[in-house]
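Per-entry structural report
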Amino acid sequence: MRWSAILKRLALIPPTLLGVGAIVFVLLRVVPGDPIAMMIPPGASPADIARLRALYGLDQPLLAQFVTWLGQVASGDFGRSISLRQQVFELVGARLPATLELAALAVALALMMGVAVAVVGSLLRGSRLEWLLDTANGFFLAIPDFLWALILLLGFGVLLPLLPISGRLDPQLAVAFRTHFYLIESLLTLRFDVAADLLRHMLLPSLALALPFAALVARLLKAQLAEAEDQDYAQIAHTRGFSRTTILQREVFPNALIPTVALSGVQVTLLLGGTVLVERIFSYEGIGNMAIDAVINRDFPLIQGLILTFAVLFIALNLAVDLLVAVLDPRLRHG
Amino acid sequence: MADLILSGPISAPASRWRSALARGGARLWIGGVLVALLLLIALFAPVIAPHDPAEQDLMSAQLPPAFMRGGEAAFPLGTDSLGRCVLSRLMYSARTAVSVALIASLLAAIIGIALGLVAGAFGGVPDQSVSRLIDVWMAFPPVLLSIVLAAVIGAGLVSVIAAIVVVDWTRFARIIRAETQAQLARDYAAAARVLGLTRAQALRLEILPNLVPLIVTLLAVEMGIAILVEVILSFVGISVTGDTASWGGMITEGRQIVYQAPWIMALPILAVIISVIGFNLLGDGLRAALDPVQRR
C-alpha cells in the first residue's frame, strides 16, 4: 500500500519538474527588464545588441526558446549565466554545498533542541512550568527564520559582537579546498582551526533556520509523547513496575518518533526555502543568496537553474521523508 | 435553582458564545487585543502620529528614542537617517501592513477556497488538475517564487499583493480540499443528498457553513504571513517604493546603519513580531474557540 504510493509519487516527479520549469520560463520572459540591457557597455550599437540577443537565444519565439532549453537541460546543459558569464551548472555546483552544509547544521541543531524541549516538557507534564515552556515554544514557532536572522544579527553581531555576521570563512584564513563542502573537507583533513571558523560563521544563520523548526519538532514530539504515554502498552509497562524514564525511553519515544518524522519532515523543505533570505541577511555564499542576485540582475539561465535545483531538492526531501517513515514504521516493513 | 431552569433554553446561544470564548482562552484575548490595536493604529495613523511620516529634518537625523541619552521629546522613538520621525513611520507602516494583509489574504482565500471546494467536492478531473497544480506550486521555494513574481510585476503595493496571492492560495486550497472531502463523508452530507439537494446546493448550504471556522482561522494566520512577505520583499528591494512607509523598508534602511543606530532596525522588527504574534495567537484562539472537535 505505502510502497505503491511511493512509486506513484516517483512517477509524478517528471511532470512536476516540467511544470516548475514551464512556469519559471514563461514568468521570466514577461519580465519588463531586459537582461541584455544590463550587460552591454553604454554606446553599444543596435547590431551588437542584436548579436548578443542571438547569442543567448533571446531572439527566438517563446515556445522555441522553451523547447531548446528543455533539450539542453535534459542533456545536463543549464546554459550560461548572463551576469557571471559561467556555466550555470558549475556555478550552482560551487554554491550548493555551502547551502547544504548550512541546512544540515540547522536541521541537526533543531533536532537536538526540539527533542530536548519535548522530553523536558513531557517530564514537566501538568506543572506550571509546562505552561511556560509551551508558551515560549509557541513564541519561537510564530517568528519565522528570517526574523530570527535579523534578531540574531542585531543581538550577537551588533549589540554583543560575539560572532561574525557575514560570509562563510574569514578571508584571512587563506586555505585551498579541493571540494566545495568546506566544513566536511576541513573536518576530514583534520584542519580544525578552519572548521571552527566555518562553524562560527554558520552558527547564527543556522540558528536562525533552526529555531522555528526546533519549536515545531518540540510541539509535535511532545504531543505524540503524551499520546503514546496514554496507550495501553505504556500503561501496562507502568503496571509492571518500570520507571517513567524507562518507559519513556523504551516504549513511548520510538512510537512517538514516527508521526513526528512524518509531520516535521515535510517542513524541512520550508527550512531549505528559508535559506534564501537567511543567506542574504548574513551574506553567506550559498545558492539562496545567489538566487536573489540572479533575480536582481535578470539572469534568466541562472534563475531557472537555481529554481530547478530547489525544486529537485524539495521533491527529493519529501520522498526521503516518506521512505524514512516507511523504514521506521514496523507495520509497513512487510507491506 | 429556578433561575437555572429558566435561563437554560433562553440563553442557549449566549452561553454557546461564552463557552466558545472560554475555549479560546488567553490566546484569543491577547491575540484579539494585539490585532485590534494594530487595526486601530492603521486606521487612525493620521490622527495619532506626531509627525508627517515623510517630513525630513536633516538637522535632527538619527536621533535616539526619547528615553535614551540624546533623545528629544518631540521624537518619542527617535529619527531615521533622513530625520524622519520613527514613531510616525511605524504607525503609517501599520497602514501599509494592514492593507496588504487584508487584501492579499482575502484574495488568496477566495481563489484557494474556490479551487479547494471544487477539487474536494467533485473529485475526478477537477481534483486531479488542482492537485497537480498544488504539487507544482509546492515544489517552488515560496520565498523565491514571490521574489521572482514581484520582480516580474515591478515594485509597488499591487506587486506585493499579487505575489502573496499567487504564492499562498495553495495554503487554503490544500486544507479546504481535504476538509471538504472529510465533511462530504459525514452523515449530514449524505442526508442532504437524500433530501434531494444538488451537489452545488449541498456545498453552499451544508458544507461551506461548516468550513467557516476553518476559513476564519486560516485567514488570521494568512494575514500574519502576508505582513511577513511584505517585509521580505522590502528587504530584497522590491516592495513599496518612495515615501510609502513600510516596516520592511524601515528594516532595510536600518540594516545599513545598524552599527550607528541599531534602534532604527530594532523598532520595526519589534512591530512585525508583535503583529505576527498577534495574528498567530488570534488564529490559535479562534481554532480552539470554533473547532467543535476541541470541545472535549
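For clarity, every value in this text was computed on a predicted model and none was experimentally measured. (Residues numbered from 1 in each chain as written. Chains lettered and ligands numbered in written order. Predicted model: local features only at pLDDT ≥ 70, side-chain atom pairs only at ≥ 80, totals over all residues.)

Along its length, chain B carries ten helices and zero strands. Looking at the 296 residues of chain B, the share that counts as buried comes to 48%. A sequence separation of at least 24 residues applies to 70% of the contacts in chain B between residues at least 6 apart. (Helix = DSSP H or I, 4+ residues; strand = E, 2+ residues; numbered from the N terminus. Buried ≥ 20, exposed ≤ 12 C-beta atoms within 10 Å, placed from the backbone. Contact = placed C-beta atoms within 7 Å.)

Here we take up the UniProt feature "transmembrane region" (unreviewed entry) in chain A. Residue and element names in this part refer to chain A. This chain's UniProt record puts "transmembrane region" (unreviewed entry) on residues 12-31, 102-124, 136-163, 202-221, 256-282 and 302-328. Secondary structure within residues 256-282 divides into 89% helix and 0% strand; the distance between the first and last C-alpha atoms comes to 36 Å. Taken end to end, residues 302-328 is 100% helix and 0% strand, and its two terminal C-alpha atoms sit 38 Å from one another. (UniProt positions renumbered as here; feature names shortened; annotations may be inferred.)

Here the focus is the packing of helix α4 (residues 88-123) of chain A against helix α13 (residues 300-328) of chain A. Residue and element names in this part refer to chain A. Between α4 and α13, the shortest axis-to-axis distance is 10 Å and the interhelical angle comes to 50°. The orientation of α4 with respect to α13, classified from their angle, is oblique. Both α4 and α13 take part in a crossing whose hand is right-handed. Contacts between α4 and α13 involve Val88, Leu91, Val92 and Leu96 on the former and, on the latter, Pro301, Leu302, Gly305, Leu306 and Thr309. Of the residues in the contact of α4 with α13, the class split is seven nonpolar, two polar and no charged. (Axes fitted to C-alpha atoms, helices over the stretch in contact; angles between N-to-C directions. Parallel < 35°, antiparallel > 145°, perpendicular 65-115°, else oblique. Left-handed = near helix turned anticlockwise from the far one by under 90°. Nonpolar A, V, L, I, M, F, W, Y, C, P; charged D, E, K, R; others polar.)

On to the UniProt feature "transmembrane region" (unreviewed entry) in chain B, then. What UniProt calls "transmembrane region" (unreviewed entry) maps, in this numbering, to residues 28-49, 97-123, 143-167, 211-240 and 260-282 of chain B. Here residues 28-49 of chain B is 95% helix and 0% strand, with 28 Å between the C-alpha atoms at its ends.

All names here are of chain A. At Arg85, a residue that is not glycine, the phi angle is positive and equals roughly 50°. A tally of 9 C-beta atoms within 10 Å means that Arg85 is categorised as exposed. For Leu190, which is not glycine, the phi dihedral falls at a positive 60°. By the element assignment, Leu190 lies in the loop between α7 (182-188) and α8 (192-229). Judged by C-beta crowding, with 8 C-beta atoms within 10 Å, Leu190 ranks as exposed.

Bringing the nonpolar core into the picture now. Counting residues in each nonpolar core, the largest one holds 177 residues, and the members touching the most others are Ala149 and Ile303 of chain A together with Ile147 of chain B. Ignoring sequence-local partners within four residues, the contact set of Ile303 of chain A consists of Val24, Leu28, Ala291, Ala294 and Val295 of chain A together with Val148 of chain B. (Core = buried A, V, L, I, M, F, W, Y, C linked by C-beta atoms within 7 Å.)

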